[in-house]
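Here are the chains, one letter per residue:
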There are 4 protein chains.
Amino acid sequence: MAGSIYGKLFTISTWGESHGKALGVVVDGCPAGVPLSEEDIQIYLNRRKPGQNAFSTKRNESDTVEILSGVFEGKTTGTPISMLVKNQDQHSKDYGDIAVSYRPGHADYCFDEKYGFRDYRGGGRSSGRETIGRVAAGAIAAKVLETMGIKLMAYTRSIGEYCIDYSKFDKGEILNNPLYMPDKECSEAAGNYLKEVMSDLDSIGSSVECIVTGMPVGIGEPVFSKLDALLAQGIMSIGAVKAVEIGDGVSVRESKGSYNNDSFIINNGSIEKATNHSGGILGGMSDGSPIKVRASFKPTPSIYKEQKTVNKAGEEITMAIKGRHDPIIGPRAVVVVESMCAITILDLLMVNATSKLDNLIKIYN
Amino acid sequence: MAGSIYGKLFTISTWGESHGKALGVVVDGCPAGVPLSEEDIQIYLNRRKPGQNAFSTKRNESDTVEILSGVFEGKTTGTPISMLVKNQDQHSKDYGDIAVSYRPGHADYCFDEKYGFRDYRGGGRSSGRETIGRVAAGAIAAKVLETMGIKLMAYTRSIGEYCIDYSKFDKGEILNNPLYMPDKECSEAAGNYLKEVMSDLDSIGSSVECIVTGMPVGIGEPVFSKLDALLAQGIMSIGAVKAVEIGDGVSVRESKGSYNNDSFIINNGSIEKATNHSGGILGGMSDGSPIKVRASFKPTPSIYKEQKTVNKAGEEITMAIKGRHDPIIGPRAVVVVESMCAITILDLLMVNATSKLDNLIKIYN
Amino acid sequence: MAGSIYGKLFTISTWGESHGKALGVVVDGCPAGVPLSEEDIQIYLNRRKPGQNAFSTKRNESDTVEILSGVFEGKTTGTPISMLVKNQDQHSKDYGDIAVSYRPGHADYCFDEKYGFRDYRGGGRSSGRETIGRVAAGAIAAKVLETMGIKLMAYTRSIGEYCIDYSKFDKGEILNNPLYMPDKECSEAAGNYLKEVMSDLDSIGSSVECIVTGMPVGIGEPVFSKLDALLAQGIMSIGAVKAVEIGDGVSVRESKGSYNNDSFIINNGSIEKATNHSGGILGGMSDGSPIKVRASFKPTPSIYKEQKTVNKAGEEITMAIKGRHDPIIGPRAVVVVESMCAITILDLLMVNATSKLDNLIKIYN
Amino acid sequence: MAGSIYGKLFTISTWGESHGKALGVVVDGCPAGVPLSEEDIQIYLNRRKPGQNAFSTKRNESDTVEILSGVFEGKTTGTPISMLVKNQDQHSKDYGDIAVSYRPGHADYCFDEKYGFRDYRGGGRSSGRETIGRVAAGAIAAKVLETMGIKLMAYTRSIGEYCIDYSKFDKGEILNNPLYMPDKECSEAAGNYLKEVMSDLDSIGSSVECIVTGMPVGIGEPVFSKLDALLAQGIMSIGAVKAVEIGDGVSVRESKGSYNNDSFIINNGSIEKATNHSGGILGGMSDGSPIKVRASFKPTPSIYKEQKTVNKAGEEITMAIKGRHDPIIGPRAVVVVESMCAITILDLLMVNATSKLDNLIKIYN
């Protein structure tokens, strides 16, 4: 699994399993001089913490972060920042039965084939708890971006067929409801629907959006490390995501050029765009408009309902998954999407710093 | 633009602009001993060649490939394979007027902001001709994969609202019609529609799918280099793609777990899946079912219709884009999508070779 | 400091400062199925532990390692292995005076210029304690290599002018004397000399060699990731190393081809070499003979003697460095050199696994 | 051979064999806005061209470079720069006999074992002609560095036992004598000695030094991408190099701390060092003094003298190597060492651009 490292200059290396001793991340390449405290990280981690409401797993974890290196006198030093969260409330016995069976919609079978065996406790490395490292690193990236006037805002866009009404978009509502939706009415309707789904012992899909404002123009490295390409990698790498869309996303396949093209205009002497079908990205580079990216999450594969599957002995069986699991993935993944966007954008911002000889001269002469 | 290199072990480095002397690619890390000729590459390149029918640009290029290194006595040697295609039919004067204006939907403005200036001739590096290097490398990757029984098949899935009827899917039809659709009826209807769009001086969006069969289980490196994550990067990096979907894609956001989960079954003693909502990928690793990935292409931003925009001097202007351009991107990009899938999968297959101590022992003991 | 990650497939990410809470490493990409315990790591770490004899710093650290992830039921799982060692005996006040002065031969000045400030306690990240992560990762790499019959042996070759007599080379002696020299007589003479150096409040240089046997032929990736090139990077990256030599090293500049060329011979039906001036590497690839690599360490820059230097205020001052420090670097770095060799060789062994189509077929068909 | 790519932000990808159609390099990540012409590259390439004097191979190559992309209106555009040199004077028949035998001191045997076969014509990829790509890229890097006041000067330091007298160092002499030595007297004596070596049908070793002035302080990324570590990789990767030394190099192993430590002093209000034993690098970062790095080259392994070796059939044979080859490697490698230093330093300079939050703010705010 030589795949737990992400980023070129702002590089994160995550580690940890659902039922191991701890989970964490090493952030290498964070610029020196960024004011940083454990509290900055904790605020982000709390947004993904389990057990906070009716719609999330009963697992009880404080998810308290410790910074072990790379910060001195309240500022980053430029050396690797190691962060750690200890696991506390592991009920490993709950998972004993999945050691020998392959849960539908899960990676159990793939892990066994790839590695010869697997840490089956709570999904091991494929647990949602794996995202702790992403979020801790994302909190740092977001803090650096904020220094440069770049702000991220992610939220739940839809749950099943319950989609927010953009005309009622209320930013302040996002952190106020348990589903992280920017539309109170929709969140209530979706909440009621979710309860039905849960009482059916089932789960449901969802979508999450992230908007990034304040972007400089030209961020992204054609042709393979384009901004949209790396956002796609970063977001698709989050467990359960099955689609990534930029701007108008899948609907562009039915659009005409005369509609889809955003006209450039002059506003107060600056170049802007009259519309934003592009989602803030043209040719793989930021175009100055807000970045708009959307992730579609599949329904939680762990359901209490009985399902058909097979075991390691090659027999067809039925199983109902016990243990603690969320009926929906999107809401708790909102901060994960935001974190992957922050990490990706900061990394590309750093890479872009040397795009012009003028920039090098600005720094060294 | 330190972004023109892709892949970890099977690494491609593409270069070239629309109106430069040539375009090409260096493939580093191709295993030694693969039978390879220029003809193998040419077959792939011919699938993206311009000027072949009513729906593609009139630019006339033979796109003849030369292999300059890395092949000896008809086989790859393990050293870098350098391939080159010369540009022939550049009408650079056609593009003089876009030197000072920013075409809507194009990257002109972003390039100027990022680099201080740009090669404006024919879009420079952001031209569709940039994909020549991808396709030449993709031809090699596909050839290696074929050796291992892995086959790729890409096709146009939809053009505007004209979508193929899967019940009439005819693989043999793909290379038989100018739109690369596996449904003859649909391709004819879409072709007629395209002519309308062209006579309106407009362009239209489309979607392309790629199916990969014969995959071993467990390919993909959690958590950031998952198979779906890197396919998303690779495909989103193709110009004009605004969405990447795996399996059921965006529709998972409205699915229930009991529907979306694919049951494992035993078929002839082997583990298979009863359905394939996952698109052949679970937990970021191949699950043995066919990989199914879909790209949504925006309409060609270059249209003959008059559009509002601004120029470098900061004035609002209108412009109608001259020069030669396709009214649709998908069909000519079919082979590009297939190539990016081949490159990504081969690279991950190579990385996976050392996932188990047993594999190392198989090779060295 | 985006430089704390090393390796392409077997990737290590080290972190931690001399006086922070802890130091550690995340190993990503270790093959699954390797038997591994904390004891395996501890044996290696104990070889670099301070306070073990008259020639090493009085700092008292147990350097007890904890494995936090990536190992299940006594075997590596293929997921990242996180290891941590807590700092215990920090005397941070000893270092207060160096906060405002630049010690000669140290990186204080460079850190301040690069990052704007530095963690001055005990040298921060540039302390010898930084090597804990390297050694913990090296222990794993050495274990994997051993499975394939590859063995590493490092030792102190010289201390000042006291160099081992190769005709008296005694492998068993290496771990028996405090200076890790394979020549008892030499180690005693060198030990006496070291005491003199210490009573002069001075320090002395040294050299360390590593021999690797059992190498398959062809390991190393021309032209930039050659075996010797990456060994040079890995070893030169160890603090205080000022030269890396392969085989005959610097003396080749005075050799003739007729002497330096090693004749190939047939021995028991196998190709071998009559001599080994090449140090086991030809054209950047292992040639089947033992790898021989040598590092030259400068004398410890921290000395008790008074030295001239400057402070942050730009004044010339004199300083005598207090605190605890070794009079010599080589002996405690023996296991660090061995570790960097093990990590580098394992990584290249893994990369080489896909050098031939035949190897891919061996694994996948 | 996934090893032909070098550098993190300023990335070079070299390709080509001695007797293939051409050799070349793709430079990705060169900052935009650097004035660049083919003449800039040619000047560098001419310094390594064969057939220029009595001490270099009779092979006759004009080594004319073509820039195929990445430069527009005389300036780099930020897109990949592809450069190509065609092979002209291949005498492939000269090498027919080495197809089935393993030349001592060469990589023939390693290639066969690694890849299953090899392009035996003129050494294929392990020929000295492989360095053409390095030098073409080095010319660009040196040009960018010059813009920032950083200058490189490499020269032959010794040939056999003939070493330059530093008290007679004459920079102007370097390009004036066929051996690129900065000491006329020494170059004449060495030249006479070389003729003797040649008449003995033998070859001789040599050493090359590179001095870099004008370095900013703090360049280099601890702990694995230190400036000295990457210079060691870059230089050791050049064919025939067996040792890399920084500053005092191997002699530090016999030095005392009180001697080896360079005192910091104040000179005209700036921090400088009274001596430069460190070779301009402390803690893996530039310290403001001139960088001093030295490479030791083994004697050319191809000699006309008869040698013992084996053939592919596993028989012991004797062979005298025909074809055209230099009796010494150092002089023609002077520009290669300079190039690898330039590439390495520019890359680290670019990476360092984001070491401080202040730098990011300088660029984006």
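Throughout what follows, the structure given in this document is the object of discussion. (Residues numbered from 1 in each chain as written. Chains lettered and ligands numbered in written order. Predicted model: local features only at pLDDT ≥ 70, side-chain atom pairs only at ≥ 80, totals over all residues. Heavy atoms only, no water.)

## As for the overall build of chain A
Reasoning step 1: From N to C terminus, chain A includes 8 helices and 19 strands.
Reasoning step 2: The C-alpha atoms of chain A give 21 Å as radius of gyration, which agrees with the globular expectation for 365 residues (21 Å, within 12%).
Reasoning step 3: Along the first, second and third principal axes, the C-alpha atoms of chain A reach 65 × 50 × 40 Å.
Reasoning step 4: When the accessible surface of chain A is totalled, it reaches about 10900 Å², and 48% of it is carbon and sulfur.
Reasoning step 5: Counting 40 positive and 44 negative side-chain charges, chain A places the averaged centre of each group 2 Å from the other. (Helix = DSSP H or I, 4+ residues; strand = E, 2+ residues; numbered from the N terminus. Rg over C-alpha atoms; globule rule 2.2 N^0.38 Å. Areas by Shrake-Rupley, 256 points an atom, 1.4 Å probe, with all protein chains shown as cover. Lys, Arg positive; Asp, Glu negative; His and termini not counted. Charge placed at Lys NZ, Arg CZ, Asp CG, Glu CD.)

## A closer look at the packing of aromatic side chains
Reasoning step 1: If you walk through the whole model with that rule in mind, you get 32 aromatic pairs over all chains.
Reasoning step 2: A centroid spacing of 5.3 Å and a plane angle of 55° characterise the contact between Tyr102 of chain A and Tyr109 of chain A, whose relative ring orientation is tilted. An identical accessibility class is assigned to Tyr102 of chain A and Tyr109 of chain A; each is buried.
Reasoning step 3: Arranged with centres 5.5 Å apart and planes meeting at 70°, the rings of Phe264 of chain A and Tyr109 of chain B form a pair that is edge-to-face. On the criterion of chain membership, the pair formed by Phe264 of chain A in strand 13 (residues 264–267) and Tyr109 of chain B in helix 2 (residues 108–115) is interchain, its members lying in two chains.
Reasoning step 4: The buried category is assigned to Tyr109 of chain B, whose relative accessible area is 6%.
Reasoning step 5: Aromatic rings pair up to connect Tyr102 and Tyr109 of chain A together with Phe264 of chain B into one cluster.
Reasoning step 6: Positioned above the aromatic ring of Phe117 of chain D is the side chain of Lys75 of chain B, whose terminal nitrogen or guanidinium carbon lies 4.4 Å from the ring centre.
Reasoning step 7: Across the ring face of Tyr44 of chain C, the terminal group of Arg47 of chain C is positioned such that the distance to the ring centre comes to 5.3 Å. (Phe/Tyr/Trp six-rings, centres within 6.5 Å; stacked < 30°, edge-to-face > 60°. Buried < 20%, exposed > 50% of the residue type's maximum accessible area, 1.4 Å probe, protein only. Lys NZ or Arg CZ within 6 Å of the ring centre and 35° of its normal.)

## Remarks on the relation of the copies chain A and chain B
The two chain copies are connected by a rotation around an axis plus a translation along it.
Reasoning step 1: Placing chain A over chain B gives an RMSD of 0.0 Å and needs a rotation angle of 180°, together with 0.0 Å of translation along the axis. Viewed as a symmetry operation, the transformation between the two copies matches a two-fold axis. The rotation axis passes nearest to the C-alpha of Gln233 of chain A in chain A, at a distance of 2.4 Å.
Reasoning step 2: Here 100% of the interface residues in chain A have copies in chain B that are interface residues too; the copies meet face to matching face. (Least-squares fit on C-alpha atoms with pLDDT ≥ 70 in both. Contact = heavy atoms within 4.5 Å.)

## Overview of the interface of chain A and chain B
Reasoning step 1: With 106 residues of chain A at the contact, the number on the chain B side is 106 residues.
Reasoning step 2: Note on chain A versus chain B: buried area summed over both sides is about 8300 Å², and carbon and sulfur give 60% of it.
Reasoning step 3: Contact with chain B buries surface across chain A, with Lys114, Phe224 and Arg253 of chain A losing the most and accounting together for 11% of the total.
Reasoning step 4: Remark: the boundary between chain A and chain B carries 4 salt bridges.
Reasoning step 5: Notably, a salt bridge pairs Glu245 of chain B with Arg253 of chain A, separated by 3.0 Å at the nearest N-O pair.
Reasoning step 6: On the surface where chain A and chain B come into contact, there are 53 residue pairs in polar contact (both at pLDDT 80 or more).
Reasoning step 7: Of the residues contributing to the side of chain A that touches chain B, the split by class is 43 nonpolar, 35 polar and 28 charged.
Reasoning step 8: With 3 bridges joining them, strand 12 (residues 241–246) of chain A and strand 12 (residues 241–246) of chain B adopt antiparallel strand pairing. (Buried area = accessible area lost by both parts, 1.4 Å probe. Salt bridge = Lys/Arg side-chain N within 4 Å of Asp/Glu carboxyl O. Polar contact = N/O pair within 3.5 Å; in protein donor to acceptor, adjacent residues only side chain to side chain. Nonpolar A, V, L, I, M, F, W, Y, C, P; charged D, E, K, R; others polar. Pairing = 2+ DSSP bridges.)

## Quick look at the sheet that holds strand 2 (residues 11–16) of chain C
Residue and element names in this part refer to chain C.
Reasoning step 1: Ordered by their spatial adjacency, 5 strands build an open sheet running 1-2-3-7-4, and the pairing between neighbours is antiparallel. Of all the strands in the sheet, the pair left with one neighbour each is strand 1 (5–6) and strand 4 (65–67).
Reasoning step 2: With 3 bridges connecting them, strand 4 and strand 7 (residues 81–86) associate as antiparallel partners. Directly across from Val65, in strand 7, lies its bridge partner Val85.
Reasoning step 3: Each of strand 4 and strand 7 touches helix 1 (residues 38–48); the most contacted strand, strand 4, lies at about 150° to it. (Axes fitted to C-alpha atoms, helices over the stretch in contact; angles between N-to-C directions.)

## Let's talk about the side chain of Thr309 of chain B
Reasoning step 1: Among the structural elements, Thr309 of chain B can be located in strand 18 (residues 306–311).
Reasoning step 2: Polar side-chain contacts of Thr309 of chain B include one of 2.5 Å to the backbone oxygen of Tyr102 of chain B.
Reasoning step 3: Apart from the residues within four sequence positions on either side, Thr309 of chain B is in contact with Phe264 of chain A together with Tyr102, Pro104, Glu315, Glu316, Ile317 and Met319 of chain B.

## Topic: the interface of chain C and chain A
Reasoning step 1: Of the residues lining the interface, 42 residues belong to chain C; the matching set on chain A comes to 42 residues.
Reasoning step 2: A combined buried area of about 3300 Å² lies between chain C and chain A, and 65% of that area is made up of carbon and sulfur atoms.
Reasoning step 3: The largest share of the area that chain C buries against chain A comes from Trp15, Phe72 and Phe117 of chain C, three residues that together contribute 20% of it.
Reasoning step 4: On inspection of chain C and its partner chain A, the count reaches 4 salt bridges.
Reasoning step 5: Residues Lys21 of chain A and Glu66 of chain C are paired through a salt bridge, measuring 3.9 Å at the closest nitrogen-oxygen approach.
Reasoning step 6: Our enumeration of links across chain C and chain A arrives at 8 residue pairs in polar contact (both at pLDDT 80 or more).
Reasoning step 7: Elements supplying a minimum of two residues to the side of chain C that touches chain A: strand 2, strand 3 (22–28), strand 4, strand 6 (75–76) and strand 7 of chain C.
Reasoning step 8: In terms of residue class, the side of chain C that touches chain A is built from 16 nonpolar, 15 polar and 11 charged.

## What to know about the state of the cysteines
As used here, a disulfide is simply a covalent bond connecting the sulfur atoms of two cysteines.
Reasoning step 1: Inspection of every chain in the model, using the stated rule, returns 0 disulfides over all chains.
Reasoning step 2: Unpaired in terms of disulfides, Cys110 of chain D finds its nearest cysteine sulfur in Cys341 of chain C, a separation of 18 Å.
Reasoning step 3: On the basis of relative accessible area, Cys110 of chain D is assigned to the buried category, the value being 0%.
Reasoning step 4: Of all cysteine sulfurs, the one in Cys163 of chain D lies closest to Cys186 of chain D, which takes part in no disulfide; the gap is 6.6 Å. (Disulfide = S-S within 2.5 Å.)

## Quick notes on the pairing of strand 11 (residues 206–213) of chain C
All names here are of chain C.
Reasoning step 1: With respect to burial, strand 11 is a largely interior element, 7 of its 8 residues being buried.
Reasoning step 2: Note: strand 9 (residues 151–159) against strand 11, 8 bridges, orientation antiparallel. Each bridged residue has a counterpart across the sheet, and for Ile159 the counterpart in strand 11 is Ser206.
Reasoning step 3: Sheet topology places strand 11 next to strand 17 (residues 291–297); 7 bridges connect them, and they run antiparallel. Across the sheet, residue Ile211 finds its bridge partner in strand 17, namely Lys292.

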